[in-house]
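# Notes for the structure review
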Amino acid sequence: MTDPQLALASDIAIWASLAVLALALISFSAHLAVTGAARERHDKVKAREKVRVGVGADGEQPADTVDDDRATGLTDSTTPTTAAVEPPTVSHPAEVTRRWGVIGLQLTWLATFGVVGGTILRGLSVQRWPLGNMYEFAIVAASFALIVFSTWSLKRDRLWLGPFVVLPVMAVLGAGKIWYTEASQLMPALDNTMWLSIHVTLATLSVALFIIGAALGVAFLLRDSAEKRSRIRGWLAGLPEGDKLETMTYGVHIFAFPLWTFTLITGAIWAEVAWGRYWGWDPKEIWTFIIWVVYAAYLHSRATSGWTKRHATYVALLGMLCIILNYTVVNLLITGLHSYSGVST
Amino acid sequence: MASTRTPERIEPSYPKDRTTLGGPRLGPAGWARWAWRQLTSMRTAIYLLLLLAAAAFPGSIFPQRSVDPVQVRTFFENNPDLGPWLDRVLLFDVFSSPWFASIYLLLMISLVGCIIPRMRQHWRSIRAQPPPAPQRLTRLPARADGTVATDGREALAAAREALKAKGYRLRDAEDGDLWVTGEKGYLKETGNLLFHLALLGVIVAFAAGNLFGWRGEIIIQEGQSWTATAGTFDTLNFSPLADEGDIPTFTVELNKLDVAFESQADGAQFGQPRRFDGLATVEVPGQEPEQQEFAVNHPISVAGDSIFLLGNGYAPIVTIRDPDGEVLYSDAVTFLPQDNNYASEGAIKVTARDPGLGLVGGFLPTLRIDPELGMTSSFPGLVDPVLALTAFEGNLFPDGRPQSVFNIDTDQMTQLTDEEGNPVAMLIRPGEYFELPDGTTVEFDGIIRWAGLLARHDPGRMPALGFAIATTVGLALMLGIKRRRIYVRIEPTTPTTGSVQAVVRVAGQPKGSDPGLQTIVDDVLLRITRITGDRTTTPETHHRDKDTV
Ligand code: HEM
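Just so it is clear, the structure is predicted and the values come from calculations on it, not from any experiment.

Procedures and definitions
- Residues numbered from 1 in each chain as written.
- Chains lettered and ligands numbered in written order.
- Predicted model: local features only at pLDDT ≥ 70, side-chain atom pairs only at ≥ 80, totals over all residues.
- Heavy atoms only, no water.
- Helix = DSSP H or I, 4+ residues; strand = E, 2+ residues; numbered from the N terminus.
- Buried < 20%, exposed > 50% of the residue type's maximum accessible area, 1.4 Å probe, protein only.
- Contact = heavy atoms within 4.5 Å.
- Areas by Shrake-Rupley, 256 points an atom, 1.4 Å probe, with all protein chains shown as cover.
- Rg over C-alpha atoms; globule rule 2.2 N^0.38 Å.
- UniProt positions renumbered as here; feature names shortened; annotations may be inferred.
- Near = heavy atom within 4 Å.
- Polar contact = N/O pair within 3.5 Å; in protein donor to acceptor, adjacent residues only side chain to side chain.
- Nonpolar A, V, L, I, M, F, W, Y, C, P; charged D, E, K, R; others polar.
- Domains from an automatic or database assignment.
- Phe/Tyr/Trp six-rings, centres within 6.5 Å; stacked < 30°, edge-to-face > 60°.
- Salt bridge = Lys/Arg side-chain N within 4 Å of Asp/Glu carboxyl O.
- Pairing = 2+ DSSP bridges.
- Axes fitted to C-alpha atoms, helices over the stretch in contact; angles between N-to-C directions.
- Donors = N, O, S within 2.8 Å, 3.2 Å for Na, K, Ca; no water.
- Tetrahedral: all angles 85-135°; square planar, octahedral: opposite > 155°, others 65-115°.
- pLDDT = per-residue confidence, 0-100.
- 1 Å grid on protein atoms, 1.4 Å probe; cavity = no way out; pocket = protein on both sides within 12 Å on 5 of 7 lines; lining within 4 Å.
- Points joined across faces, edges and corners; volume = space filled by probe spheres on them.

### Re the overall build of chain A
- For chain A, the helix and strand inventory stands at 9 helices and 0 strands.
- Relative to its full complement of 345 residues, chain A shows a buried share of 60%.
- The contacts in chain A between residues at least 6 apart in sequence include a share of 81% that link residues at least 24 apart.
- In the form shown here, chain A has an accessible surface area of approximately 14100 Å², with 68% of it arising from carbon and sulfur atoms.

### Description of the overall build of chain B
- Counting its regular elements, chain B contains 10 helices and 25 strands.
- The C-alpha atoms of chain B give a radius of gyration of 38 Å, which is well past the 24 Å a tight globule of 549 residues would have.
- Each principal axis of the C-alpha distribution contributes one length, and for chain B these read about 130 × 60 × 55 Å.
- Expressed as a percentage of the 549 residues in chain B, the buried residues total 46%.
- A fraction of 63% describes how many contacts in chain B between residues 6 or more apart in sequence connect residues 24 or more apart.

### Let's talk about the UniProt feature "transmembrane region" (unreviewed entry) in chain A
All names here are of chain A.
- As recorded in UniProt, the sites labelled "transmembrane region" (unreviewed entry) are residues 12-34, 100-121, 133-152, 159-180, 200-222, 250-271, 286-301 and 313-334.
- Taken end to end, residues 100-121 comprises 100% helix and 0% strand; its first and last C-alpha atoms sit 31 Å apart.
- Regarding residues 250-271, the helix share stands at 100% and the strand share at 0%, and the terminal C-alpha atoms are separated by 31 Å.

### A short note on the site of the ligand
- Near the ligand lie 25 residues; those nearest to it are Tyr 250 and His 300 of chain A together with Cys 114, Arg 118 and His 196 of chain B.
- The side chain of Tyr 250 of chain A places a nitrogen or oxygen atom 2.7 Å from an oxygen atom of the ligand.
- Put simply, the parts of the chain that give the shell around the ligand at least two residues each are α7 (242-275) and α8 (283-303) of chain A together with α2 (42-56), α6 (98-127), α8 (186-212) and α9 (461-480) of chain B.
- Looking at the shell around the ligand residue by residue, the class counts come to 16 nonpolar, 6 polar and 3 charged.
- When residues of the shell around the ligand are assigned to domains, at least three map to each of domain 1 (28-124) and domain 3 (191-213 + 459-475) of chain B.

### Digging into the packing of aromatic side chains
- For the structure shown, the criterion picks out 31 aromatic pairs over all chains.
- Relative to Tyr 47 of chain B, the ring of Trp 307 of chain A has its centre 6.0 Å away and its plane inclined at 55°; by these criteria the two rings are tilted. Taken together, the positions of Trp 307 of chain A in the loop between α8 and α9 (309-333) and Tyr 47 of chain B in helix α2 put the pair across two chains.
- Accessibility expressed as a relative area gives 16% for Trp 307 of chain A, which makes it buried.
- For Tyr 47 of chain B, a relative accessible area of 44% translates into the label partly exposed.
- On the basis of an interplanar angle of 65° and a centroid distance of 6.0 Å, the ring pair of Tyr 314 of chain B and Tyr 342 of chain B is categorised as edge-to-face. Placement of Tyr 314 of chain B in strand β11 (residues 305-321) and of Tyr 342 of chain B in the loop between β13 (336-337) and β14 (344-350) is noted, with a sequence separation of 28 residues between them.

### A closer look at the pattern of salt bridges
All names here are of chain A.
- The full count for this structure, using the stated rule, is 26 salt bridges over all chains.
- Note that Glu 246 is salt-bridged to Arg 302, the shortest N-O span being 2.8 Å. Taken as a pair, Glu 246 in helix α7 and Arg 302 in helix α8 lie far apart in primary sequence, 56 residues in all. Each member of the pair, Glu 246 together with Arg 302, is buried.
- Look at the salt bridges and you will find they share partners, linking Asp 224, Lys 228 and Arg 310 into a network.

### A few points about the sheet that holds strand β7 (residues 251-261) of chain B
Residues and elements named next belong to chain B.
- Strand order across the open sheet formed by 4 strands is β5-β7-β8-β9, with antiparallel pairing between neighbours. At either margin of the open sheet sits one strand with a lone partner, and together these are β5 (225-227) and β9 (290-295). The sheet shows a mean angle of 30° between the axes of neighbouring strands, taken without regard to direction.
- Looking at chain direction, β5 and β7 are connected through 3 bridges and run antiparallel. Looking at β7, one finds that Trp 226 is bridged to Val 252.

### Here we look at the coordination of the iron atom of the ligand
- Looking at the iron atom of the ligand, one finds its protein donor set to be His 300 of chain A (NE2) and His 196 of chain B (NE2), positioned 1.9 Å from the metal centre.
- With 6 donor atoms in place around the iron atom of the ligand and angles of 74 to 178° between them, the coordination shape is octahedral. With His 300 of chain A in helix α8 and His 196 of chain B in helix α8, this pair bridges two chains. The burial state of His 300 of chain A is the same as that of His 196 of chain B; both residues are buried.

### What to know about the confidence of the model for chain A
All names here are of chain A.
- Within chain A, residue pLDDT values average 79, and 78% of them lie at 70 or more.
- Looking across chain A, the model is least confident in helix α2 (residues 68-76), with a mean pLDDT of 33, and most confident in α8, with 93.
- Note that residues 54-91 has pLDDT below 50 and, in this model, 48 contacts with residues that lie over four places away or in other chains.
- Every residue in residues 339-345 scores below 50 in pLDDT, and together they form 19 contacts with partners more than four places removed in sequence or on other chains.

### Quick look at the layout of surface pockets
All names here are of chain A.
- As a volume, the second largest pocket reaches approximately 780 Å³.
- Together, 45 residues line the second largest pocket, and Phe 137, Val 207, Ile 323, Asn 326 and Tyr 327 are the ones closest to its centre.
- Mapped by element, the contributors of at least two residues to the lining of the second largest pocket are α4 (134-155), α5 (162-178), α6 (193-228), α7, α8 and α9.
- Class assignment for the residues of the lining of the second largest pocket results in 33 nonpolar, 10 polar and 2 charged.

### Focus: the UniProt feature "transmembrane region" (unreviewed entry) in chain B
All names here are of chain B.
- Taken from the UniProt record, the annotation "transmembrane region" (unreviewed entry) applies to residues 45-62, 99-117, 193-214 and 462-481.
- Structurally, residues 45-62 is divided into 89% helix and 0% strand, and its ends, taken at the C-alpha atoms, are 27 Å apart.
- As annotated, residues 193-214 has a helix share of 91% and a strand share of 5%, and its two end C-alpha atoms lie 33 Å apart.

Here it is as structure tokens:
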């Protein structure tokens, strides 16, 4: 009951999207490089102006400062840290082109349609929710990540985030291709449409969000260490301030964590219906639990005075490592009731 | 009070990191207090959580007795040196091991020790008034100032109205000062407490299931009827606090079992099971028998418990006659699948014959002769089913020892041979028969299926579900709601004689990170100016942060 033509169309759509994403990655990287360089130049000019104004005008405030608070902000801007805070002049210095970033975003949109379309075709070809094996899990997770990023970019300027999302999405799709599984139907234990759909949809959606969260976390760590050494060079200057990146990292995780909690609960309900026990410490269940506990530790460390934001972010990345291990090692090497990778061993 | 420092965030009045409270004091009481503070600190909670994750990890790489004892035995056979060592540190029983238990017990104690003071604190803060507005609002992270063309009292009334409309709880100045504090988001902390309490509930419910539950397995062939009592299960496990009296009486008849396998796709998917659908009649004493459909994910429900379909296989129907044609044996024999293609093993014990006759061997749903492996099955469905058996004669039950129904004990038996002295080996297809050297015939009449059923009683499962739902509600409140304070200070001014004006200063104080706070502060100011009549308004906002989530 599978349609090979639709399955083939799906494969082609995914391959093509992967190629488009590669181009998007290049454009986004170019965008970061260009804005980064421009901001660096801008900051240097600003710093020089500041010195001149400070000396020449003898304590008078620069014309563009409105109140004392802003002035304080400017005093700091000898370190480029505050560059990103000063909208709009600094965010887009006049001579800087956003063209690369916009091209990247357009390509990403194209890829989003491609991956989502490929996922839908896959679902049509097997006449079920396309969440039955590792490959399908990968393309659905990639779809979610792309949809979230693309729509987010419509609301706010997220061009700088592009490379951080596109690269992991490409990795996910690539991993999916490595463990490719022919379109086919499900084994009966997985064939309980309602709980399968809910449980695995939630799992993929939260994984997609965790991926974006981890990408932001990495961006924060890179930017933060540059800020600490006061050496914000090159493309790092194209990123927002470390503090903001960290807030966003947290913001994404507090969406993803409840979703993962739902994943855990619906998974338990499904296990109850399928195997007669809602929790049996099967390897897959253990890993769902491990991931949940690690992210709970992240949220705690985020809320604990005495833990730096950096250390909290390491915990979040540890959670991502667990997700990756869960997808690869646990699916492929450890057999349990959940052996549904679809990959023959 | 000119130099009061305004904290930038709403800090709980109890210290979050309780380790910082006082160092260890001498004396046992001091030490105990110190240890208790350590244990109930957030910092310890983080380490315990990470430790719990790390402790669960080996449970996923080593086979667990509670999950699959056969795999544990295989592991021991393959690693005779390593196995006993791992066993000594309970790596095959991770989730019932004392070291795992000690981590989650510490976590639970820490949780209780954390929740109780917090509950008391929250109860107080719900009934307490918000604090007075600080003298200088400029230190707060979100601010907006504006000027309205009314006098100070009217402006203050407008501020109260604006905050009330947005659901803030207000605190007014007692001595006629022109300020008001609004606070909102108490449900965040309520959600936090609900979440952590419900988490305890889930753990307790889970423990209850593991203390008072039972599970029994039974194989029923198509057409067979089975009545549940402690003695009739193939295997029956009681939790420490359950016993035979807990098993309800009911009868299950397996009417039909439909199974289908993938025969189209190739690769790893070929031969994968696609469908298990069964039909059973269930009878509980005092009630009408009821026919129920069931499937792998769709258990039979009986007396509040569920019966799950866990396995299935084939039962060839075999008739054995003595040389005179008298029926010695006629039954469907359960064969146990050994691989994904249902190559199955089983045994037939004919006690009606003297000496006893034992047939043992395999049932192959789709015969394939493999040059290396010999006879195997190449597909789990019935394409070319055969019975491949050898025969033994002698004492079937030496010393009356209990033995497996799927095998025979050949200690006191001899293998039958043909005239040339080769062991008798029969390969029979349905409808065919085989004649043993002495004239006894073995007839293969047909095949039915059997279902492996699991009856499970877990008193904790519904409470666990309830608590789990409560955790999600708590989580949504705790992560979705922001605790915020808004302060409004009014400074009346008289720019020219005759006109009245007031400067409205609005500031927001967050708890934790709160990127949306500035927008709210702006909105409060906008509302105040609107209420006062929208006349002179020059709101100046202090955008610290435009580009956040
Ligand atoms: C049993 C496992 C536990 C889990 C899964 C868990 C989970 C969570 C989560 C998800 C949060 C939300 C953090 C945020 O607002 O970003 C939280 C907050 C909190 N947890 Fe736990 N928790 C656990 C145990 C504990 C323990 C043992 C303690 C006490 C030591 C504790 C104390 C707290 C406190 C005080 C907060 C509030 C932090 C704040 O926002 O100020 N939790 N917990």
